[in-house]
Structure formats: structure tokens, C-alpha cells
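One-letter residues, chain by chain:
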Amino acid sequence: LVEQNATASAGPSSSSAAWAEEFEKKVDLGGAGSKWATEFENFNAQPGGTWADDFLENEGAQRPLPDQWAEEFAEHHASAMPDPLAEEQRKYEFSQSNPFESSNENPFELGQELYKNGLLSEAALAFEAAIEKDIHIAESWRMLGMVHAENENDKQAIASMVNAHAADPTNLDVLLDLGVSHTNELHTHEALNYLRQWVSQHPEYRNMIALSSFEVNVVETIKMFDSIAQANPKDADVFTALGVLFNLSREYNKAEDAFRHGLSLQPENHSLWNKLGATQANSSNSKAAVQAYQRALNIKPNYVRAWSNMGIGFSNQGMYKESIPYYVRALSMNANAETLWGYLKIAMACSGILELLPLVNERNISALSEKFPI
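Right, let's walk through the structure included here.

1. Digging into the overall build of the protein
Argument step 1. If you tally the helices and strands in the protein, you get 20 helices and zero strands.
Argument step 2. Counting every position in the protein, which comprises 374 residues, the buried fraction comes to 57%.
Argument step 3. Surface summary for the protein: the accessible area is close to 15,800 Å², and the carbon and sulfur share equals 47%.

Structure (C-alpha cells):
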């Protein structure tokens, strides 16, 4: 995944199996080991971060994502007729209690300020209030989608972006973000078609490229974006899209090159650093991935997805104790990230810190933050 797949396969067995096996070797819980192994494999049947940035039901599958991608993209085919406005995709769950709805201040402007300061949960409430008050509908939905994507909630991110697309079908940022989010969720044909729509709506590229000349599949879509990139080497968005596509085709070295080119144009783009890290994790280079995630956090300290990816990056290296503070920090900013609670529990178990597991079961984030500061 582009944002949240930081859990890369290591050799013939997946990281989830390795973690569970290591736990069973280290700890004897009187028959509870198999239960832990099963529980962790259920938690870890999804990626960790952007390819992910950070993030999965995965249509009920319980296998490592790289293997699923290999099968899913073997035919390199996706439907040419996606339904981006499908009712199921557009369903967004608004917060039941929102203090910004009764505020006299402009909730959209408040949301922008909160997002800028890294207060993602509060920013989400502000943008929800802006939508309820019909303020900058399309942009409010788009910003809400960005907030949820960075806050480890791809389902709400997609719902927000699909609504933004419905409000403004020509918005290029929305189309690109939808391509990334659907990649995170392994929605292949949706991801490809949103990226193709990005080309068709672009004021310059739509006249440069004949979409009908390229079939709707991964290989052909890569060819299309590669031709655009060669003619427009200073467009970071084109190289972002290329990086996403190369992850889908599992050409990780090419994906890394694409993201590095994008970063040469936008060195302060925290999301691009996260995508680079997730790509490196996909190619089993977690040590380099951690460095990229740290660059993202240096730019945006409250980037939840990067904090969780850091934890997964350390766990993938067998550094379970070092991973714990990163999971705790991510959960302190978004306690609703259920998958992270599972990762935290396993990391503590593999580190032999069994006496503090009740704090995880109680979801006592305050106590955990005191025990595992960064």
C-alpha cells in the first residue's frame, strides 16, 4: 500500500507469523500462545502504514498483502467503468457530538488552523461542522478526507473524498488522493480509474494524452504516466502517481525512484516521505523506511500514520521494545485505531513486558504514555 503497508514480508513467512512465533517461543502462557498467535495474525492481516503513509478488511482475506497483490495484479486488469458515487462508498459517519456546530466561528477556517497545528481529531470535527453548515462543501470534504487519511482511518477518508468528488468532479487533488486511498484498500480498478480521471481532467495533460490508447490495467497506466513524467519532469504529482502505480506492480525500486524525484521537487512534503518509507518497507528495507518516516515526522510531528509506521518499522526488524513508544504515541493521538492496539499488545508480549498488558486491555493511554515516553 502507498501509505500504510509498512509490514513487509521477510523471507518465506509473513511478519505476522514471525511475530506470533517469536512470542510463543519467548512466553509460556499455559496454552494461551496459540490464542495470541491467532489473534495477532487476525490483527496483522493488513498493512501497517501508506502502503501504507498509514491503515483493513481486505475483502475478508487473511494473507500477507504482497502475496495478494501478486495474485490480484497478475492479469493487470481493472474495470473501465467504476462507480465512484456508489452509495456504499459515500456513507460517512458523522460524529454524534460536535462542539463546532454551535460555534459562531467559521468551522472551515478553524479546521484549516487545527490541521496545520496537527490536531487531527479536532480538525475532523471542524470540517464536519463546515459541511453541515454548507461552507465550502467540496473543499471541506477534501480536507476531511486528508485528515482521516493521516489519522489512520482510510474508510472515512475514502467516504470523504468520494463526497468531495461528487461535489466537484474536476478537482485534481481529490482524484489523486482517491487513487492513493483506494490503493491502500486494495481497490484496484477504482485506484486505476481515479488516476486516469486525474489525467482526463488535467488542463494540460488531457490534450497531451489519448486515454483510449492505453488499456485500463496497471501496465498500460504506468506507460501513460511515464510518458507524462518524461515530458513534465517538474510535476511532483505525476511522480507521486507513478510511485503508487509502481507499488501496485511491485516494482519497488522504480517506485522509490519516483518518490525520490517527487521529493527533490517538494522536500517538505511529509506525505511523500511517508510514501517513500512505506515503499522501502514493502521491499523489506525497514531500516531505511524508519529513516524516511522520521523525516515525515520532522516536518509534521503529529502525523499519526507516520508514528504508527515507525512502530511497525522497528517491529519488522525485531526491535519490539523500541517499537512500543511509537505505537503509544500514535494511539495517544487516535485511540480509535484498533489495529494499533493489536500491534502494541504483540510488541509488549514479544518484549516480555507482560505485567503491563492490562493497561492495553483497559485502553489506559495515559498510563502507557507515562511508562513509554519518547
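Back to the text.
2. Considering the packing of aromatic side chains
The geometry of an aromatic ring pair is captured by the separation of the ring centres together with the interplanar angle, meaning the angle of the planes.
Argument step 1. A full pass over the atoms with the stated rule returns nine aromatic pairs.
Argument step 2. Seen in terms of ring centroids, tyrosine 92 and phenylalanine 94 are 4.9 Å apart; in terms of plane orientation they differ by 75°. Their pairing is edge-to-face.
Argument step 3. Every member of this aromatic cluster is reached through a ring pair, and the members are Tyr92, Phe94 and Trp141.
Argument step 4. Seen from the ring of tyrosine 115, lysine 300 lies directly overhead, with NZ or CZ sitting 3.5 Å from the centre.
Argument step 5. Here the basic side chain of arginine 329 rests over the ring of tryptophan 307, its NZ or CZ set 4.8 Å away from the ring centre.

3. Some details on helix α10 (residues 188-201)
Argument step 1. Taking 1.5 Å per residue as the helical rise, α10 with its 14 residues ought to reach 20 Å, and the 20 Å between its terminal C-alpha atoms agrees with that figure.
Argument step 2. Counting buried positions along α10 gives 10 out of 14 residues, so the element sits mostly inside the fold.
Argument step 3. Of the positions making up α10, those classed as buried are Thr188, Glu190, Ala191, Leu192, Asn193, Tyr194, Leu195, Arg196, Trp198 and Val199.

4. What about the nonpolar core?
Argument step 1. Among the nonpolar cores identified, the biggest contains 97 residues, and Phe225, Leu344, Met348 and Leu368 are the most heavily contacted of them.
Argument step 2. The element that contributes the greatest number of residues to this core is helix α6 (residues 120-132), accounting for nine residues.
Argument step 3. When sequence neighbours within four positions are dropped, the list of residues in contact with methionine 348 reads Ile324, Ile353, Leu356, Leu357, Val360, Leu368 and Phe372.

5. Description of unusual backbone geometry
Argument step 1. Despite not being glycine, arginine 250 has its phi angle at roughly 65°, a positive value.
Argument step 2. Along the chain, arginine 250 turns up in the loop between α12 (236-248) and α13 (252-265).
Argument step 3. Accessibility expressed as a relative area gives 38% for arginine 250, which makes it partly exposed.
Argument step 4. At serine 284, a residue that is not glycine, the phi angle is positive and equals roughly 65°.
Argument step 5. Relative to the elements of secondary structure, serine 284 occurs in the loop between α14 (270-282) and α15 (286-299).

6. Things to note about the pattern of salt bridges
Argument step 1. Using the criterion set out here, one finds eight salt bridges in the structure.
Argument step 2. Its salt-bridge partner being lysine 300, residue glutamate 150 comes within 2.8 Å of it at the nearest N-O pair. One end of the pair, glutamate 150, is in helix α7 (residues 137-150); the other, lysine 300, is in the loop between α15 and α16 (304-316), and 150 residues separate them in sequence. Each member of the pair, glutamate 150 together with lysine 300, is buried.
Argument step 3. Each of Glu152, Asp154 and Arg305 takes part in a single network of salt bridges with overlapping partners.

7. Considerations on the environment of methionine 310
Argument step 1. Structurally, methionine 310 is set in helix α16.
Argument step 2. Residue methionine 310 is classed as buried on the basis of its relative accessible area, which comes to 1%.
Argument step 3. Along the sequence, methionine 310 and glutamate 322 sit 12 residues apart, while their C-alpha atoms lie 9.6 Å from each other.
Argument step 4. Other than its neighbours up to four places away in sequence, methionine 310 contacts Val290, Tyr293, Gln294, Leu297 and Tyr326.

8. Some words on the side chain of asparagine 232
Argument step 1. With respect to the helices, strands and loops of the structure, asparagine 232 is situated in the loop between α11 (218-231) and α12.
Argument step 2. By relative accessible area, which is 12% here, asparagine 232 ends up buried.
Argument step 3. Contact partners of asparagine 232, with chain neighbours within four places excluded, come to Glu204, Tyr205, Met208 and Phe239.

9. A word on the packing of α15 against α16
Argument step 1. Where α15 meets α16, the axes come as close as 9 Å, and the angle between the chain directions of the two elements is 160°. As the angle between them shows, α15 and α16 are arranged roughly antiparallel. The way α15 lies across α16 gives a crossing that is left-handed. Here Ser286, Val290, Tyr293, Gln294, Ala296 and Leu297 of α15 lie close against α16, whose contacting residues are Ala306, Trp307, Asn309, Met310, Gly313, Phe314 and Asn316.
Argument step 2. Looking at the contact of α15 with α16 residue by residue, the class counts come to eight nonpolar, five polar and no charged.

Rules behind the numbers
Residues numbered from 1 in each chain as written. Predicted model: local features only at pLDDT ≥ 70, side-chain atom pairs only at ≥ 80, totals over all residues. Heavy atoms only, no water. Helix = DSSP H or I, 4+ residues; strand = E, 2+ residues; numbered from the N terminus. Buried < 20%, exposed > 50% of the residue type's maximum accessible area, 1.4 Å probe, protein only. Areas by Shrake-Rupley, 256 points an atom, 1.4 Å probe, with all protein chains shown as cover. Phe/Tyr/Trp six-rings, centres within 6.5 Å; stacked < 30°, edge-to-face > 60°. Lys NZ or Arg CZ within 6 Å of the ring centre and 35° of its normal. Expected span 1.5 Å × (residues − 1). Core = buried A, V, L, I, M, F, W, Y, C linked by side-chain atoms within 4.5 Å. Contact = heavy atoms within 4.5 Å. Salt bridge = Lys/Arg side-chain N within 4 Å of Asp/Glu carboxyl O. Axes fitted to C-alpha atoms, helices over the stretch in contact; angles between N-to-C directions. Parallel < 35°, antiparallel > 145°, perpendicular 65-115°, else oblique. Left-handed = near helix turned anticlockwise from the far one by under 90°. Nonpolar A, V, L, I, M, F, W, Y, C, P; charged D, E, K, R; others polar.

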